[in-house]
Amino acid sequence: MSTSQIEVAGVLISPDHYIDGRRVGSPETFELRSPIDQRVLGVVSEGLEDHVEAAIESARAAFPAWSLLSAAERKVYLDRFADEIGKRADDFCRVESTDAGLLLSRMRHGVVPRAMLNIRWFANHALDLQNRPIDTEQAHHRVRHDPAGVVVIITPWNSPLLLSTWKLGPALAAGNTCILKPPEWAPLTCSLLADAAQAAGLPPGVLNIVQGTGSRAGAKLVGDPRIARVSFTGSVPTARRIAQAAGANLVPCSLELGGKSPFIVLEDADLDGAAATGALMYRNAGQVCLAGTRFLVHERVADAFVEKMRAHVERLVIGDPREEATEIGPIIHPRQLERVEGFVQRAVETGARVLWGGDRHAFGAQYFQPTMLTNVGQHDEIVQNEVFGPVLTLQTFSDDDSVVALANGTDYGLGGVCYGETDHAIAVADRVRTGFIWINSFGVRDLEAPFGGIKRSGIGREGGDWSFEFFCDVKDVVIPRKPFRASFSHR
Ligand code: ADP
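Cut-offs and rules
- Residues numbered from 1 in each chain as written.
- Predicted model: local features only at pLDDT ≥ 70, side-chain atom pairs only at ≥ 80, totals over all residues.
- Heavy atoms only, no water.
- Domains from an automatic or database assignment.
- Buried area = accessible area lost by both parts, 1.4 Å probe.
- Salt bridge = Lys/Arg side-chain N within 4 Å of Asp/Glu carboxyl O.
- Helix = DSSP H or I, 4+ residues; strand = E, 2+ residues; numbered from the N terminus.
- UniProt positions renumbered as here; feature names shortened; annotations may be inferred.
- Contact = heavy atoms within 4.5 Å.
- Near = heavy atom within 4 Å.
- Polar contact = N/O pair within 3.5 Å; in protein donor to acceptor, adjacent residues only side chain to side chain.
- Areas by Shrake-Rupley, 256 points an atom, 1.4 Å probe, with all protein chains shown as cover.
- Phe/Tyr/Trp six-rings, centres within 6.5 Å; stacked < 30°, edge-to-face > 60°.
- Buried < 20%, exposed > 50% of the residue type's maximum accessible area, 1.4 Å probe, protein only.
- Lys NZ or Arg CZ within 6 Å of the ring centre and 35° of its normal.
- Pairing = 2+ DSSP bridges.
- Disulfide = S-S within 2.5 Å.

Undergrad: Before we go on, may I ask you to explain the domain arrangement of the chain in this structure?
TA: Taken domain by domain, the chain holds domain 1 (6-257 + 457-477) and domain 2 (261-439). A C-alpha centroid distance of 31 Å is found between domain 1 and domain 2. When the buried surface of domain 1 facing domain 2 is broken down by residue, Ile-36, Trp-185 and Ser-457 rank first, second and third, together holding 28% of it. One can count one salt bridge joining domain 1 with domain 2.

Structure below.
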């Protein structure tokens, strides 16, 4: 039951929980390996019943004082928290690149600045959260947004720092106390977050981190009746289990799940732009929920588009994510690689044609080639199910009605991309049933905009006011304009 540190990428990290402002070890641990070369990085504490209990009690004890601070007072702490993340920027980059396989360059230029902004932006915007007035003829309504209580945050391995701060930012700014359960395949940058929180002077219990596996630590946390909210990003089967456990206690859940989003290329699209953007769908080895993975290309431009995209894909640099030039890194875990490979093999067995890729990549044991499959049918497994790897499909269409039908023809509804003459692309995009869709672009994200999916892609929206609505209890304090006279006929 050590509380010793492990060294990863030259950074000393605690593999233990962070509960009530202290590191807590566990008699049970699990082994962590790097996806780059399968090297053992260390052993990480499993979250047992005692740890979950201690974290919940600590978060409950910290709640009254933290929730009673004004948003401006909390902002002072949270700005310092963001500063402390910034001071450790290099550590976050090197560690997440090593334990999750994210590109070092993307960590440096995209993820870490965004993680800091996630904390700062919500701290700023919580300032005008409380007391939104509604005035009618008969009453003045003070609509309060009160913190809900102890919030459990469960994040996945494909971008742990980004997704954890995206939830912690609004949850903490609104005055909740939090328990973060990091992903067991990439738990280390969340542990660094605890160091940043401690250095920033966040009061003990405001942010707790319980490491561990989903089926043990995660399941215990989300099934506890003392918690007020669960915010989850991950897979559909896990979301079902979480929603059931939380639902038994009527605890609201925000669920941001997978996608099988369409990438539409209309006949009037800029094919060069669409092809360049198309290659971005292999980012993070395709382990990105919001990627457009089903290419729907107008039949008259399909051949030209395929050749243009092939040219981009052939130039992609696949390799060690810690090297500056690398554009595509590894698959997170051998189990995930097998899953990806299984999807491709079954698709090919049932008639899919490989346009490029289709196999493991020689760079390393956990690498898979950027792959494009065509000759696939709408009801095929490869078109209907999320692969979460560098595997895309391509179908053609002849008119707007048929592309809309194809785009909407899965159980998912997260996002989408639509390339075409702008008005035409918007007209088609308006008919696509997803939580968001990008016109002639991809991945443009603003913190104030809603993010989330419909159908199997999730429940609820995150971002801006949507995050605050979820993490708050809304209360209407009604003050009548005229003296109130009690009467049974009064309405
Ligand atoms: P994937 O299947 O892509 O690995 P998951 O959705 O299973 O992703 O995991 C996302 C997060 O959910 C991880 O932090 C994992 O530990 C957690 N998790 C898995 N199962 C459960 C569960 N039953 N209850 C709570 N959290 C869970």
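Undergrad: Please explain the environment of Gln-244 as it appears in this structure.
TA: Structurally, Gln-244 is set in helix H8 (residues 236-248). For the pair Gln-244 and Gly-223, spaced 21 residues apart in sequence, the C-alpha separation works out to 8.6 Å.

Undergrad: How should the UniProt feature "active site" (unreviewed entry) in the chain be read in this particular structure?
TA: UniProt annotation of "active site" (unreviewed entry) refers to Glu-256 when read in the numbering used here. Once you skip the residues sitting within four places of it in the chain, Glu-256 turns out to touch Phe-232, Thr-233, Gly-234, Cys-289, Leu-414, Phe-451, Gly-452, Ser-457 and Glu-462.

Undergrad: Can you help me understand the site of the ligand in this one?
TA: Taken together, 17 residues lie near the ligand, and Thr-155, Lys-181, Glu-184, Ser-235 and Thr-238 sit nearest. Within the side chain of Glu-184, an N or O atom sits 2.5 Å from an oxygen atom of the ligand. A distance of 2.8 Å separates an oxygen atom of the ligand from a polar side-chain atom of Thr-238. For the ligand, whose unbound accessible area comes to 560 Å², protein coverage reaches 83%. Those elements that provide at least two residues to the shell around the ligand are helix H7 (214-222) and H8. Of all the elements, H7 adds the most residues to the shell around the ligand, at four residues.

Undergrad: I keep staring at the UniProt feature "domain: Aldehyde dehydrogenase" (unreviewed entry) in the chain and nothing clicks. Help me out?
TA: Under the present numbering, the feature "domain: Aldehyde dehydrogenase" (unreviewed entry) in UniProt falls on residues 28-477. Secondary structure over residues 28-477 splits into 41% helix and 20% strand, and the C-alpha atoms at its two ends are 49 Å apart.

Undergrad: Hey, could you run me through the packing of aromatic side chains in this one?
TA: Both the distance between ring centres and the angle between the ring planes are used here to describe each pair of aromatic rings. All chains considered together, the criterion is met by 15 aromatic pairs. Taking 5.5 Å as the distance between ring centres and 65° as the angle between the ring planes, the aromatic pair formed by Trp-66 and Tyr-77 counts as edge-to-face. Within this pair, whereas Trp-66 is found in helix H1 (residues 49-68), its partner Tyr-77 is found in helix H2 (residues 71-87), the two being separated by 11 residues in sequence. Judged by its relative accessible area of 24%, Tyr-77 is partly exposed. Look at Phe-263 and Tyr-419: their rings are 5.9 Å apart centre to centre, the planes differ by 5°, and that puts the pair in the stacked class. Here Phe-263, found in strand S14 (residues 261-265), pairs with Tyr-419, found in strand S20 (residues 417-419); they are 156 residues apart in sequence, far enough to count as distant. Assessed through its relative accessible area of 0%, Phe-263 is described here as buried. Grouping aromatic residues by their ring pairs yields a cluster made of Trp-121, Phe-122, Trp-166, Phe-436, Trp-438, Phe-442, Phe-451 and Phe-468. Across from the ring centre of Phe-470, 5.7 Å away, lies the NZ or CZ of Arg-229, which sits over that ring.

Undergrad: Would you explain the pairing of strand S13 (residues 253-256) in this entry?
TA: The side chains of a regular strand alternate, residue by residue, between the two faces of the sheet. Burial along S13 is two-sided: the residues Cys-253 and Leu-255 and Ser-254 and Glu-256 are all buried. By the bridge criterion, four bridges tie strand S12 (residues 229-233) to S13 in an arrangement that is parallel. In the sheet register, Phe-232 faces S13, and the bridge partner there is Leu-255. Note that S13 and strand S23 (residues 458-459) share two bridges and pair antiparallel. Looking at S23, one finds that Glu-256 is bridged to Gly-458.

Undergrad: Any chance you could explain the pattern of salt bridges here in plain terms?
TA: Close approach of charged atoms lets side chains of opposite charge pair. Applying the stated criterion across every chain, the model contains 31 salt bridges. One salt bridge in this structure joins Arg-300 and Glu-267, with 2.6 Å as the shortest N-O distance. Taken together, the positions of Arg-300 in the loop between strand S15 (292-298) and helix H10 (302-314) and Glu-267 in the loop between S14 and helix H9 (271-279) put the pair 33 residues apart, joining distant regions of the chain. Judged by relative accessible area, Glu-267 falls into the partly exposed class, the value being 36%. Salt bridges sharing common partners tie together Glu-53, Glu-57, Arg-60, Asp-224 and Arg-226.

Undergrad: Teacher, can you tell me more about the state of the cysteines here?
TA: Counting across every chain of the model gives zero disulfides. Here Cys-289 stays free of any disulfide, with the sulfur of Cys-190 as its closest cysteine sulfur at 16 Å. Left unpaired, Cys-472 is separated from the closest cysteine sulfur, that of Cys-178, by 12 Å.

Undergrad: Explanation requested: the sheet that holds S14 in the structure shown.
TA: Adjacent strands of a sheet pair through backbone hydrogen bonds, lying either parallel or antiparallel. Ordered in space as S16-S17-S18-S15-S14-S20-S21, the seven strands form an open sheet in which the pairing is mixed. Edge positions in the sheet fall to strand S16 (353-356) and strand S21 (438-439), since each has one partner strand and no second. Looking at chain direction, strand S17 (residues 371-374) and strand S18 (residues 391-397) are connected through three bridges and run parallel. Note on S18: the bridge partner recorded for Leu-373 is Thr-393.

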